[in-house]
Each structure stands twice: as C-alpha cells, then as structure tokens.
Amino acid sequence: MTWFIWAVCASICAAALAESNRIFKLNPQMLNAWRSTIAVLLMSPAIPYMQWPKAHHFYIVSAIDGIVTAAGMVMFFYLAARKTGRVSSMVLPMAAFSAYMTWWMMKPELRPDLLDHPVQVLLAVISFTLVCISFQKVRDNDSSWDSFLMVLPVGLAFGVVDAMTKDVLGGDHNTYKIILSYTFLSLVVCAIASWVAAIPKPLGGRPTGFFDKDLLWGSFWCGVWTVGMMLAGVFALSIAPNPSLPGLVMALTPLWLFALNYFRKANDDVSIPASILILMGSAGLLISTL
C-alpha cells in the first residue's frame, strides 16, 4: 500500500511540473537543462546521507535511467514543435506494459498463476487493459502513425528501465539512502545529457539568455517538482510488487490538472467518463496486489 501513496505523490509532482511548464512558457530544451541542473543542486545537501553500493550494475542502470529520461524529454519537445505533443500520452500505458512484460521475463518465478489465483490474475489483466484504453480517451490524441512510431521506442525504453530499477533497488538495496544515491546519479546524468542536447542547437531557437532571470526562476520551480517526482517515483518502484503499477498510477496526472482547472474555473477538455474509468482501473490494480 505504501508504494501507492508514493506513486500518487509522484503523479501530483508531475502535474505541478507540467503546469509550471505551461505557466512559464520558456524554451523547452533550455528549461529542461536548467531544471535538471537545479534538481541536482537541490539534492546535493543530501549527499552525506547517501549510500553507494559496490555492485556496478547499480550505477549502470542509474546512468541509463538518466539518459533515457533526457532522450524522452527531447522527443516530447520535438512532438510539441510538430504540434503533435498529445500523442506523448501514449508513453505511460506503453511504458507500463513494457515494464510488466520485462519484469515477467526477468523474474519468471513471480509470474501469477492463473490456476492458483484466477480472480487476482483476471482482475489485474482487466484493470490494466481498462487503464490503457481509458488513458487514450482522457484527451483527444493526435495518434498519427509517424508519431506513434516515434513514441514507441521511448515508451518501451521507459518500461525496461523501470523494471531494471526495480531489480537493482530490491532486496537489501531497498533503503532510503540507496534510493537517494540512485536518484541523484540519474539526475546528474540527465543534466549532462540535457545540456549536450540543448547547447548545440536548441529546439525552436533560444528566446531567452543563458542566465535570464525568468529562465532561472522557472527552472528553479521545475527543479523542485522534478526532485519530488523522481524521488517519489523511485520510492514507489522500489517497493511496488510490480514495476508497472507506479507507472499506471501516474496516469492520474491529468486528473490533478483537471481538479486545479475546475477550482480556478479554467477550461479543460479532460473526459470525465475516461477519468473515472482510470480511477476504477487503478483501484482494481491496487486490489489485485493485496
């Protein structure tokens, strides 16, 4: 149950991050590079409390996590430039499916037995399918074939990384000190990769100066939400029974934005029926793990 609370916290931070990007309206690549850097600086005071394991695969997976995250952000920015950014919403269900299948291949002994637990298995399958289908209906997606092919490898990569993260943080490594070091290293690699992508040719030009005060102010708040999202997300992954579950809970992100827009009486095109089905599917997945 604790993993669900952490996953909800991660989705709230993700919603705040998305809203911050909408408010500040800064160059996406420069904002991504600066917010990753500021997130690293915000986590730096926790270095004395971090624990660094000897296993080399811990560092390999953490570095891969940072690179995949940076690459995924570049893809999102490109889709936004093509005005097909909404197709990026397919990443979450695709990543969850990829994590689910990868985890089964990595841990065959953990595969649920349909004969021993038929209700649990069927509930998980139905809930998983319900969330994936409903999530596509939350907003009208521009699901062109070209955009889908672009999103496909990123979604699959996110899922594989989630499964690998769950693996390296399981067992004796499932401690707050280890999770702090894993998240910190991922952010460092993400920041480096983001600067490499942003400096040569920023997407859409560079409308603000390198040390523009608006850019730094917006990046600071985005950095705060980035730290919350990544820390809570890794906490959830480390203790969830399956690495796909936290990703599916992240599908609640549009609902938090809808609630915010509702209270401030702003227009929002979120589908209420689809949102309710997402909540039902997430609840079914949670029940299936008990």
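Coordinates for the structure precede this section.
Residues numbered from 1 in each chain as written. Predicted model: local features only at pLDDT ≥ 70, side-chain atom pairs only at ≥ 80, totals over all residues. Heavy atoms only, no water.

Time to look at the overall build of the chain. Scanning the chain from terminus to terminus reveals 11 helices and 0 strands. Listed by position from the N terminus, the elements making up the chain come as α-α-α-α-α-α-α-α-α-α-α. Considering the chain as a whole, with its 290 residues, one finds that 48% of them fall into the buried category. Surface exposure of the chain reaches about 14300 Å², of which carbon and sulfur atoms provide 71%. (Helix = DSSP H or I, 4+ residues; strand = E, 2+ residues; numbered from the N terminus. Buried < 20%, exposed > 50% of the residue type's maximum accessible area, 1.4 Å probe, protein only. Areas by Shrake-Rupley, 256 points an atom, 1.4 Å probe, with all protein chains shown as cover.)

In this section: helix H2 (residues 28-43). The end-to-end C-alpha separation of H2 is 22 Å, in line with the 22 Å expected for 16 residues at 1.5 Å each. Of all 16 residues making up H2, 13 are buried, and the element is well covered by its neighbours. (Expected span 1.5 Å × (residues − 1).)

All right, on to the side chain of threonine 102 then. Of note, threonine 102 is situated in helix H4 (residues 91-106). Of the polar contacts made by the side chain of threonine 102, one reaches the backbone oxygen of serine 98; its length is 2.7 Å. With residues near it in sequence (within four places) discarded, threonine 102 still touches Val160 and Ala163. (Polar contact = N/O pair within 3.5 Å; in protein donor to acceptor, adjacent residues only side chain to side chain. Contact = heavy atoms within 4.5 Å.)

So, about the pattern of salt bridges. Taken as a whole and judged by the stated rule, the model has 1 salt bridge. Where lysine 107 meets aspartate 167, a salt bridge forms, and the shortest distance between an N and an O atom there is 3.2 Å. Of this pair, lysine 107 sits in the loop between H4 and helix H5 (118-135) while aspartate 167 sits in helix H6 (residues 145-168), and the two are 60 residues apart along the sequence. Taking the relative accessible area as the measure of exposure, aspartate 167 reaches 31% and is therefore partly exposed. (Salt bridge = Lys/Arg side-chain N within 4 Å of Asp/Glu carboxyl O.)

The tally for this structure, following the rule as stated, stands at 10 aromatic pairs. Between tryptophan 217 and tryptophan 221, the aromatic rings sit 5.8 Å apart at their centres with planes inclined by 90 degrees, giving edge-to-face as the arrangement. Here tryptophan 221 and tryptophan 217 lie together in helix H8 (residues 213-239), a separation of 4 residues that amounts to about one turn. Relative to tryptophan 221, the ring of phenylalanine 220 has its centre 5.3 Å away and its plane inclined at 75 degrees; by these criteria the two rings are edge-to-face. The exposure class assigned to phenylalanine 220 is partly exposed, which follows from its relative accessible area of 31%. (Phe/Tyr/Trp six-rings, centres within 6.5 Å; stacked < 30°, edge-to-face > 60°.)

So, on to the packing of H2 against H8. Packing of H2 against H8 leaves a shortest axis separation of 7 Å and a crossing angle of 60 degrees. One way to sum up the angle between H2 and H8 is to call them oblique. In this structure, H2 meets H8 at a crossing whose hand is right-handed. For the pair formed by H2 and H8, the contact residues are Met30, Leu31, Trp34, Arg35, Ile38, Ala39, Leu42 and Met43 on the first element and Leu215, Leu216, Gly218, Ser219, Phe220, Cys222, Gly223, Val224, Thr226, Val227 and Leu231 on the second. Along the lines of polarity and charge, the residues of the contact of H2 with H8 split into 14 nonpolar, 4 polar and 1 charged. (Axes fitted to C-alpha atoms, helices over the stretch in contact; angles between N-to-C directions. Parallel < 35°, antiparallel > 145°, perpendicular 65-115°, else oblique. Left-handed = near helix turned anticlockwise from the far one by under 90°. Nonpolar A, V, L, I, M, F, W, Y, C, P; charged D, E, K, R; others polar.)

Looking now at the state of the cysteines. Covalently bonding the sulfur atom of one cysteine to the sulfur atom of another cysteine gives a disulfide. Under the defined criterion, the tally for this structure stands at 0 disulfides. Cysteine cysteine 13 remains unbridged, with the sulfur of cysteine 9 as its closest cysteine sulfur at 6.9 Å. (Disulfide = S-S within 2.5 Å.)

Among the nonpolar cores identified, the biggest contains 21 residues, and Met43, Leu169, Tyr182 and Leu187 are the most heavily contacted of them. Those elements giving two or more residues to this core turn out to be H2, helix H3 (56-81), helix H7 (176-198) and H8. (Core = buried A, V, L, I, M, F, W, Y, C linked by side-chain atoms within 4.5 Å.)

What follows is about the packing of H2 against H7. Direction vectors running N to C along H2 and H7 enclose 150 degrees, while the axes themselves pass 8 Å from each other. Our classification of the angle between H2 and H7 gives roughly antiparallel. In terms of crossing hand, the pair formed by H2 and H7 is left-handed. Between H2, through Gln29, Met30, Asn32, Ala33, Trp34, Ser36, Thr37, Ala39, Val40 and Met43, and H7, the contact on the second element is made entirely by Leu180, Thr183, Phe184, Leu187, Val188, Cys190, Ala191, Ser194, Trp195, Ala197 and Ala198.

For alanine 163, the location among the structural elements is in helix H6. When the C-alpha atoms of alanine 163 and tyrosine 100 are compared, they prove to be 7.7 Å apart, with 63 residues separating the residues in sequence.

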